[in-house]
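Summary of the model geometry
If you want the building blocks of each chain, they are given just below.
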Amino acid sequence: MIKKYWNQGGKQKAVVIIVAIIVIALLFFLRDDYQPVLLFIRKYIFVILLSAILLFFGLRSFRNSASTGKRLGILAGLLVFFGVLYTAGWHYQLYDYMKTYNVFNNLNKVEINELPLTQNERIQPLRNIFSMANESVGETKDVSLPHLVRVDDENKWTMAIQPTEKYVWQGISDNTEEVFSVSSTTPFPRFSNENRISTTFSIGESLKFSRNTYNAVVQRFNPWMLFNYEPSDTFYMKNDNGQWVEVVSLIKWKGFFFPYPTFGGVMVIDSGAHDFSDYIERVTIGKGTFIAPEDMKNHPYLTRQNTLSEKVSRLQAESLKFLGGFSDPLPWNMETAVKIPNLPDDQNQQPFVTDFDFSDSKSDAYSGLYHWFGLEPVGDERTSLTFSVFVPADGTNKLYYYDHASKKQGYAGVSAMPLKVIESRKEYDWSVNKPVEFRPYIKNIAGRKRMFFLGTISSIKAEGAQFDGSATPDLALIDSEYRDVVWIDAKHPSQWEKSVYDQLNEAWRASEGIDNYYMDDEKAVEAIMKDLNDQFIAIDTTDLKGNTIKEKESLEALQRKYDSMVKQKEADDIAKLKRKIDSLENK
């Protein structure tokens, strides 16, 4: 038809050329708008091709058949095929099942035999930080979703203060001019002055058209990346030159049969106001510097960092349900099948970004930020902790997991924690107070590593809005083995381990036969003097000389006991200091 129109004359040729130029220009400039369609084709390429081939041959047979019965049979066959395809693939999620199995087969899994320690514990949950940040900005500003990242060797919550999406014109004309950078380890997060960093981003998550982060990144993709990559989470951090940058995590789709997502590197967008040349670049080829996963090691600020999309890490953790084989997660098996538990009252589901110290875990894992998952059995009534999963938050192609079930530890999982907390404080109004975000807390206490869950009590309005953050929230540590709840002081993190010991030491001593710990020098002297006084009271004056010798021997024994306790305390302090030094050297 186009050829016939072309041959009608010069005017028609000019129309065809102009229309072709317009179409090509639209395809070039609007590729960020139709890229989701290309991604859909990429994700379901196998099913689309299979359906198209069967539909083509089926309709051709239908047209070539003269028999009504045969035509009806062909139509019935096509209807049955597409009905089965929909029922099995989408309704029963067989397509997702196969996609997750592909993730499992291509995952670099490493089982560890010793849990790492946690360090730099964050006190506030994500939604509390988000709530308090929104309390600190005006009507015309929004706050992006907080992310825990490493800034100047310290873990901080960072988020952009950007033009609100309620007023369209501001999203068109204004820039993002400030970033919150708030310490995650303080019980008193402040959102003023020194924690509001002045930096200009001409590309932002709430900005419009070519200034929108998603649009600018997609425009930067080459034709191959348009079919295989998609932008995901956006992080704000400092680069190696100390400049604030916007880091967009990328998802790369791999495979032909049941494609699956993997970490695809990052797109780094520099800060700074844009001039006319930047505008032309942004509109035509987008903005940002692509850094592939294999090149991230050349950028220290991106290593041991949090740049991995949670969509990817969740699917990787979920794929461990195939450790028992391809058919194990099917309804008639499920011997070792696991799930990621979702708590209905928690607005921030797993993974929980946590800082781990792997220095004494006998593995090649780095010490830094990880996405942590606590996997549990598939059944709703089963709440035991089956696996602890550690996904490197910087996208390193490894997944570390610790098998609690095979070691028969009998630990309680995340989904069992809310009721433990509620049971321990019946005087709370739990209709408006929710125990949330139970992240791991693993420490060497009383002679061995012990695993707890650190939960925060957050208030929520009755109508179901966002959590209301408190500068000094109520915190609870739950022993996953003994199931006891220890309420701790958010203002004094250095005393948490001793608070746990003070409450649980008698239970540990009765069950494990542990020694005395956390006894300072003064208490040790008091205990020795008490023992000595008790022995003086028991002196028999009829044999003063003999008892004097016994008293001297007893005093020497007590002195040896005291010296031994002091040496043990010094040895423990030295060991802790060595672990900290090793952790710093590994960074």
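The preceding data block contains the structure.
Residues numbered from 1 in each chain as written. Predicted model: local features only at pLDDT ≥ 70, side-chain atom pairs only at ≥ 80, totals over all residues. Heavy atoms only, no water.

Details of the side chain of Asn-306
We apply this condition: Helix and strand assignments follow DSSP, with helices taken as H or I runs no shorter than four residues and strands as E runs no shorter than two, numbered in order from the N terminus. Partly exposed describes any residue whose relative accessible area lies between the buried limit of under 20% and the exposed limit of over 50%, with all areas from a 1.4 Å probe on protein chains only and scaled to the type maximum. Whenever two N or O atoms come within 3.5 Å, that pair is a polar contact, provided that in protein one can donate a hydrogen and the other can accept it, and provided that, for residues adjacent in sequence, both atoms are side-chain atoms. Note on contacts: a residue pair qualifies if any of its non-hydrogen atoms lie within 4.5 Å across the two residues.
Mapped onto the elements of the fold, Asn-306 is located in the loop between β11 (289-291) and α12 (310-318). Judged by its relative accessible area of 2%, Asn-306 falls in the buried class. Separated by 2.9 Å, the side chain of Asn-306 and the backbone oxygen of Leu-148 make a polar contact. When residues no more than four places from it in sequence are discounted, the contact partners of Asn-306 are Leu-148, Val-149, Phe-235, Met-237, Val-353, Leu-369, His-371 and Ala-393.

Some points on the sheet that holds strand β10 (residues 260-270)
Rules: Strand pairing requires that DSSP identify at least two bridges connecting the strands. Each axis is a line fitted through C-alpha atoms, and for a helix only the stretch in contact is used; angles between axes span 0 to 180 degrees, taken between their N-to-C directions.
Taking strand neighbours across the sheet as the criterion, the 4 strands line up as β8-β9-β10-β11 in an open arrangement whose pairing is antiparallel. The two strands at the open ends of the sheet, each matched to only one other strand, are β8 (229-238) and β11. Taking each pair of neighbouring strands and ignoring which way they run, the sheet shows an average axis angle of 30 degrees. Taken together, the 3 bridges between β10 and β11 define a ladder with antiparallel strand orientation. Bridged to Val-266 within β11 is Ile-291.

A look at the packing of aromatic side chains
Convention followed: Only Phe, Tyr and Trp rings take part, Trp by its six-membered ring, and two of them pair if their centres are within 6.5 Å. Stacked means planes under 30 degrees apart, edge-to-face means over 60, and tilted covers everything else.
In this structure the tally under the stated criterion is 37 aromatic pairs. Geometrically, the ring pair formed by Tyr-101 and Phe-326 is edge-to-face, given 4.7 Å between the ring centres and 75 degrees between the ring planes. Of the two residues, Tyr-101 sits in helix α6 (residues 94-105) while Phe-326 sits in the loop between α12 and β12 (338-339), which places them 225 residues apart along the sequence. Assessed through its relative accessible area of 21%, Tyr-101 is described here as partly exposed. What makes Phe-326 partly exposed here is its relative accessible area of 35%. Aromatic pair Phe-356 and Phe-390: ring centres 4.9 Å apart, planes at 90 degrees, arrangement edge-to-face.

Re a nonpolar patch on the surface
For clarity, the cut-off: Patch building starts from residues that exceed 30% relative accessible area and form no salt bridge, then joins like charges within 9 Å and nonpolar side chains (Val, Leu, Ile, Met, Phe, Trp, Tyr) within 5 Å. A 1.4 Å probe and the Shrake-Rupley method give the accessible areas. Residues count as covered only by the protein chains that appear here. Put simply, a salt bridge is a Lys or Arg side-chain nitrogen that is within 4 Å of an Asp or Glu carboxyl oxygen.
A surface patch of nonpolar side chains, amounting to about 620 Å² of accessible area, comprises Ile-18, Ile-22, Leu-26, Phe-28, Phe-29, Leu-30 and Ile-285. Per-element accounting of the nonpolar patch gives the leading share, 5 residues, to helix α2 (residues 10-29). Structurally, Phe-29 is set in helix α2.

Considerations on the pairing of strand β20 (residues 474-479)
Residues in a regular strand point their side chains to alternate faces of the sheet. Across the 6 residues of β20, 5 count as buried, placing the element largely inside the fold. In this sheet, β20 lies alongside strand β18 (residues 448-460) in antiparallel orientation, the contact comprising 6 bridges. Looking across to β20, one finds that Ile-457 is bridged to Asp-474. Linkage of β20 to strand β21 (residues 485-488), two consecutive antiparallel strands, is achieved through a turn of 5 residues, within which Arg-483 is found at a positive phi near 65 degrees.

Topic: the nonpolar core
Put simply, the rule is: Within this scheme, the nonpolar core is defined by two criteria: the residues are buried Ala, Val, Leu, Ile, Met, Phe, Trp, Tyr or Cys, and they are joined through side-chain atoms within 4.5 Å.
Judged by nonpolar contacts, the single largest core of 44 residues is most densely connected at Met-237, Val-247, Val-266, Tyr-301, Leu-302, Leu-375 and Val-389. The element best represented in this core is strand β9 (residues 244-254), accounting for 5 residues. What Leu-375 contacts, discounting residues up to four positions off in sequence, is Ala-317, Leu-320, Val-338, Lys-339, Ile-340, Ser-384, Leu-385, Thr-386, Phe-387 and Val-389. Ile-112, Leu-117, Leu-343 and Phe-358 belong to the second-largest nonpolar core, a separate cluster that totals 31 residues.

Re helix α3 (residues 31-43)
In plain terms, the rule: One fewer than the residue count of a helix, multiplied by 1.5 Å, yields its expected span.
Here α3 spans 18 Å end to end across 13 residues, near enough to the 18 Å set by a 1.5 Å rise per residue. Within the span of α3, buried status applies to Arg-31, Asp-32, Gln-35, Leu-38, Leu-39 and Arg-42.

Here we look at the pairing of strand β16 (residues 399-403)
Counting buried residues along β16, 5 of its 5 residues qualify, which places the element largely inside the surrounding structure. Neither face of β16 is left uncovered, since the one carrying Leu-399, Tyr-401 and Asp-403 and the one carrying Tyr-400 and Tyr-402 both have all their residues buried. The pairing of strand β1 (residues 109-111) with β16 spans 3 bridges and is parallel. Residue pairing across strands places Glu-111 opposite Tyr-401, the latter belonging to β16. Strand direction decides the pairing type here: strand β15 (residues 387-392) and β16, joined by 4 bridges, are antiparallel. Within β16, the position partnered with Phe-387 by the bridge is Asp-403.

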